[in-house]
Every structure is written in structure tokens, then in C-alpha cells.
Amino acid sequence: APTWTDVRELCAEMKDMSVLIRGAAQAIRPLSKKAFLVVRQSMSTVQCVLVINKDVVSPQMVRFATSLSKESIVDVEGVISVPDKLILGTTQQVEIHVRKLYCINRAVSNLPFNIEDASRSETEFMNAEESGKQLVHVGQDTKLNHRALDLRTPANQAIFYIFYQVEKVSRQILESKGFCGIHTPKLIAGSSEGGAAVFKLDYKGQPACLAQSPQLHKQMTICGGFRRVFEVGPVFRAEDSYTHRHLCEFTGLDVEMEINKDFSEVCDIVAELFVAIFDHLNEKCSEELEIIKRQYPFQPLKYLLPERKGREVLRLTYKEGIEMLKEAGVKIESTGDLNSEAEKKLGKLVSDKYNTDFFILTEYPQEARPFYTMPCDDKPGYSNSFDVFVRGEEIISGAQRIHRPELLTERAEECGIDVRTISSYIDSFRHCAPPHGGFGVGLERVVMLFCGLNNIRKCSLFPRDPQRLTP
Ligand code: 4AD
């Protein structure tokens, strides 16, 4: 009897073997006395051929196949054959000559869109336009409104595989460096990053909010004697930013660690971690990256300094960054945060000068950073902090933290924070804590920028933005 086989495993070496597959009927093409059925399983597709033949395939069976609605779940039993011509439009270069066909579950006949249409690249649209062909364009909102259908495209399957790889490698690397995984509360009493961008809620009669980051609690675990911690978890931001890179809920990777000398130790961890992640994606996920590229072409990320031996990541100071921008004629204050336009421009300048798309920018002005950030000892007005950029967009922000309660209270008050809402945090430092620092990463942004995608919503399974709470 034929055995269940994964579509991705079907190959020429299996010629003449009987196989049984289950998948979605992605495309059905009737011809006279024949039918072609493309069956999809995750990122892989295979062409199944039904040829009328009095012993096995009856005309009724061909009619049944051509009457199937797209996306119905089918079981196909048949024999592998290897055509001499290239098979266009499927991932597997073999065909299944169908002997039996069952419909396990029938899809509705009026799908909002079909997967072939939702998988097309810009290039396909351009080519079609030139040759006067009409293709159906499925807009982003339509896709997101029917996300469970949209997730079936090979590019989406690959994007979320890559997402998980980033998470997996982060855990492996951090664990190997002595970090312990933790989970901090998401229901908290006050804002953790300051500002108004919090989702407020009622906690049994007490005002509360959804955690804007694990910031305060991850630091409190350092007060609690943990030397190195990390967390992968949801982060909630109520900001009204309707942009290509902001979500109201994203997946944060947060890291916090004791520091012996200075915050460059935190930057060392960032550099090592991200070189390992990017290496892994390039070396172990090339198939998935190719699948993404087919729909959304992108250039490989340059993340190492090419002229150096070793695997070094570029570090520049904020002041050097501002100088580069000023030299290029950008009018910019040297005391504030960089806006997204300035960041993009700096990314371009750095890429031209150093031939890398990945760099760490250190020592931001104190006023551009949250209250808990440690000021520079020797450079008044600056802080022991950093941001990390990929293709001119921020993926990480990090810093050394203030570990003395008096200075922490002073800075919180200066930043307009009601210290009563964070009193247990400040009190933790009264029981004493070692110097420490850490960083926070948005994983959706990492995937978006590594793959050169144009919108963060593509990297969130069910994105939440100021206008979207469903599906
Ligand atoms: O820069 P943020 O707000 O920093 C913190 O949360 C600090 N507690 C981190 C620390 O340890 N010092 O957020 C960190 C990262 C950003 O660099 C970005 O990648 C991502 O989180 N991020 C968002 N991603 C998607 N949507 C949003 N609205 C985001 N806001 C921040």
C-alpha cells in the first residue's frame, strides 16, 4: 500500500513509487480527457495528473477532479513520474499520476481570493502589464482581513518559519552564554517606558495597564540575584503610529545582564547574538529565503565589516552619526532622538562608507532616552545607551541602567513620571543591585528588515495596529 509522503520530499529518485499525499487543491486545470491538479502542502506544491484510462481513471473521476473547489483538502494516491520538461509553477519537479482521489473537506466556491493570486510578485504584475495580461491584485487589507487564508501562501509560510528560527537561535545563543529565560507580568500597575502609549485597564477596581515592555521587572530580577536573564514575550504599545513599522502588539526579545566594566559588554552580546542569527538564516534557511524572495525580492543583508578580519560589527557614536548627517547636508539638532527619516539617511551613508547594513549607534543624548538610562560619567548630557540599525531602521534599543535609587527617583520625576506607580521598582534598588544593562528587540522588525520587507504587518501572524483588532 502507498505510504503517506510529505510533498516537499517528492523527488526524481522516487520515480515509479506509489505515494499518498494530503494537501489543498490550489489550482485545477481541465483539458480534454485530462485534468491537472496542483496540490499544496505548506511551502511545497506538486502537479497531479489525471488521464482517462479505462482501468484506473474514469471520465467521472476527471469530472469530479475538475469540479473540486479551490483550497479543498484532498487525498491523492498515485505513482511518481518524472517529465523531461521543466514543470512551471510548482516547487516539486515530479508529477503524480493519480490513481485515487478523495475530497476530505470541500472549500466554499467563493473564496475572497485564491492563493496563486495572493502569491504574485511585483515582477509578475509588471510582466503581465507589458504583455497585456490581466492579473488579479489582492490588496494588503483584503489579505489581512482573511489572514487564515492568506497565511497559506508559500512566502507567508516561509516568513513565519524564519521568525521562529530567529527566536530559536536567540534562545540557544543566550542560554549558551549563561542567560536564564524568564516571564515577567503583562498586567502591571503603571507605564514601564513612560509616556501615554499604554493600554489602560481596570484590574479589579485598580487602574492598571498592559506592559509596554518587561523593562522594570527584568531589572527587578537582576535586583533579585539573577545575573543574566532574557524573555521572549508580547509587548503592548497603544501609540497612534499608523506606519509600516509600528504594531500595537509585538513580540519582544528582552535581555538584561550584570555589567562588570561598562555597557560595551551589552553591545558585545548584541553583536554576537545577531551575527549568529544572521549566519544561521543564511546557512540553514536558504530555501525559505528563496521562497520569500520569489514573491518579495530583496538583497542579502550585509552585517559584518568587510575590511576587518574576524566577524566584527560596526559601532559608531551618536556624535559620529550626527557628524555624518551634517556633512551630507542634513539639518539636524545634535541633542534629540533621530527621526525615521534621519535614521534612514544615516543607514544609507553608513552603507556607502562602511559597506554594512547593520550597525550599533552608541551614547545617545540623555534627554532622548527613558528615565532609567544611566548618564555618561565623562560626557555630560550623554548616556550609556545605544540603538541598533538594520537597513537604516531601528531594531534594538539598549543601555546601562541606573542602579542607585536616589538618582532613579530624581530622573523619573524629571521625566514627569508619578513615582508612586513604580515605587516597588525603585524600592528594589534600595535593597541594592549590581551595575547592569540590557536591550529590547522587536522580532517582527528583525524579520521584516532582514528580508527587506516593506511592512511589519507581513511579519505578524495576526497583526494588531491602531485600526485592526481582528481577525
Ligand atoms: O525602543 P523600545 O521602546 O525600547 C524598550 O522597550 C526598552 N525597554 C528596551 C531596553 O531594554 N532598553 O523598544 C525596543 C524595540 C525597538 O527597537 C523596536 O525593534 C521594537 O522594540 N518596537 C516595536 N516594534 C513594533 N511595533 C512597535 N510599536 C514598536 N515599538 C518598539
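Definitions and cut-offs
- Residues numbered from 1 in each chain as written.
- Predicted model: local features only at pLDDT ≥ 70, side-chain atom pairs only at ≥ 80, totals over all residues.
- Heavy atoms only, no water.
- UniProt positions renumbered as here; feature names shortened; annotations may be inferred.
- Helix = DSSP H or I, 4+ residues; strand = E, 2+ residues; numbered from the N terminus.
- Buried < 20%, exposed > 50% of the residue type's maximum accessible area, 1.4 Å probe, protein only.
- Contact = heavy atoms within 4.5 Å.
- Areas by Shrake-Rupley, 256 points an atom, 1.4 Å probe, with all protein chains shown as cover.
- Lys, Arg positive; Asp, Glu negative; His and termini not counted.
- Charge placed at Lys NZ, Arg CZ, Asp CG, Glu CD.
- Near = heavy atom within 4 Å.
- Polar contact = N/O pair within 3.5 Å; in protein donor to acceptor, adjacent residues only side chain to side chain.
- 1 Å grid on protein atoms, 1.4 Å probe; cavity = no way out; pocket = protein on both sides within 12 Å on 5 of 7 lines; lining within 4 Å.
- Sits in = over half its atoms within 2 Å of the grid points.
- Nonpolar A, V, L, I, M, F, W, Y, C, P; charged D, E, K, R; others polar.
- Phe/Tyr/Trp six-rings, centres within 6.5 Å; stacked < 30°, edge-to-face > 60°.
- Lys NZ or Arg CZ within 6 Å of the ring centre and 35° of its normal.
- Pairing = 2+ DSSP bridges.
- Axes fitted to C-alpha atoms, helices over the stretch in contact; angles between N-to-C directions.
- Salt bridge = Lys/Arg side-chain N within 4 Å of Asp/Glu carboxyl O.

- For the chain, the name recorded in an unreviewed UniProt entry is aspartate--tRNA ligase, with Rhynchospora breviuscula as its organism.
- The record in UniProt for the chain states the following under Subcellular location (unreviewed entry): "Cytoplasm".

1. What about the overall build of the chain?
So, step 1. The number of helices and strands found in the chain is 14 helices and 17 strands.
So, step 2. Dimensions of the chain, computed from C-alpha atoms along their principal axes, come out at roughly 90 × 55 × 40 Å.
So, step 3. Buried positions account for 52% of the 471 residues belonging to the chain.
So, step 4. In the chain, of all internal contacts separated by at least 6 residues, the share reaching a separation of at least 24 is 68%.
So, step 5. When the accessible surface of the chain is summed, it comes to about 22900 Å², and 50% of that surface belongs to carbon and sulfur atoms.
So, step 6. The chain carries 59 positive and 64 negative side-chain charges, and their two centres are separated by 6 Å.

2. Overview of the site of the ligand
So, step 1. Close contacts around the ligand come from 23 residues, with Glu193, Gln215, Glu394, Ile395 and Arg401 the closest.
So, step 2. Here Gly440 contributes a backbone N or O atom positioned 3.2 Å from an oxygen atom of the ligand.
So, step 3. Contact with the protein chains covers 92% of the free accessible surface of the ligand, which is 620 Å².
So, step 4. Here the ligand is seated within the largest pocket.
So, step 5. At the level of secondary structure, the elements contributing two or more residues to the shell around the ligand comprise α7 (215-223), β12 (249-258), β16 (393-400) and β17 (436-442).
So, step 6. In the shell around the ligand, the residues fall into seven nonpolar, seven polar and nine charged.

3. A few points about the side chain of Asp279
So, step 1. Considering the arrangement of structural elements, one finds Asp279 in helix α8 (residues 264-284).
So, step 2. In contact with Asp279, other than residues within four places in its own chain, are Tyr303 and Arg311.

4. So, the packing of aromatic side chains
Centre-to-centre distance and the angle between the planes together describe a pair of aromatic rings.
So, step 1. Within the structure shown, the criterion is met by 12 aromatic pairs.
So, step 2. When the centroid spacing of 5.4 Å and the interplanar angle of 20° are considered together, the rings of Phe278 and Phe450 count as stacked. With Phe278 in helix α8 and Phe450 in helix α14 (residues 443-450), the pair connects residues that are 172 residues apart, well separated along the chain.
So, step 3. Pairwise contacts between aromatic rings join Phe274, Phe278, Tyr303, Phe358 and Phe450 into one cluster.
So, step 4. Between Arg457 and the ring centre of Tyr242, over which it is positioned, the NZ or CZ distance is 4.8 Å.

5. With respect to the UniProt feature "domain: Aminoacyl-transfer RNA synthetases class-II family profile" (unreviewed entry) in the chain
So, step 1. Here, the residues flagged by UniProt with the feature "domain: Aminoacyl-transfer RNA synthetases class-II family profile" (unreviewed entry) are residues 160-471.
So, step 2. For residues 160-471, helix accounts for 35% and strand for 20%, while the C-alpha atoms at its two ends are 17 Å apart.

6. Regarding the sheet that holds strand β13 (residues 314-317)
So, step 1. As summarised here, the arrangement of the eight strands in space is β7-β11-β12-β17-β16-β15-β14-β13, forming an open sheet in which the pairing is mixed. Only two strands of the sheet have a single neighbouring strand rather than two, namely β7 (180-181) and β13.
So, step 2. With seven bridges joining them, β12 and β17 adopt antiparallel strand pairing. Each bridged residue has a counterpart across the sheet, and for Glu258 the counterpart in β17 is His436.
So, step 3. Relative to β13, helix α10 (residues 318-327) is tilted by about 80°, and along the sheet it contacts β13 and β14 (358-362).

7. With respect to the sheet that holds strand β8 (residues 187-188)
So, step 1. Taken in spatial order, the three strands of this open sheet run β8-β10-β9, and their pairing is antiparallel. The sheet terminates laterally at β8 and β9 (200-203), the two strands that pair on one side only.
So, step 2. Direction of pairing for β9 relative to strand β10 (residues 206-210): antiparallel, over a ladder of four bridges. When the bridges of β10 are listed, Lys200 appears paired with Cys209.

8. Section: the pattern of salt bridges
So, step 1. One pass over the structure, following the stated rule, counts 29 salt bridges.
So, step 2. Put simply, Asp387 and Arg369 hold a salt bridge, and the shortest N to O gap is 3.1 Å. Of this pair, Asp387 sits in strand β15 (residues 385-390) while Arg369 sits in the loop between β14 and β15, and the two are 18 residues apart along the sequence. Neither residue differs from the other here; Asp387 and Arg369 are each classed as buried.

9. Details of unusual backbone geometry
In terms of backbone geometry, most residues other than glycine have negative phi values and most peptide bonds are trans.
So, step 1. In this chain, Thr470 is followed by Pro471 through a cis amide linkage whose omega measures -5°.
So, step 2. Looking at where Pro471 falls in the secondary structure, it is placed in the segment after α14.
So, step 3. A positive phi angle is found at Glu363, which is not glycine, with a value near 60°.
So, step 4. Along the chain, Glu363 turns up in the loop between β14 and β15.
So, step 5. Positive phi values are uncommon outside glycine, yet Arg391 reaches one of about 45°.

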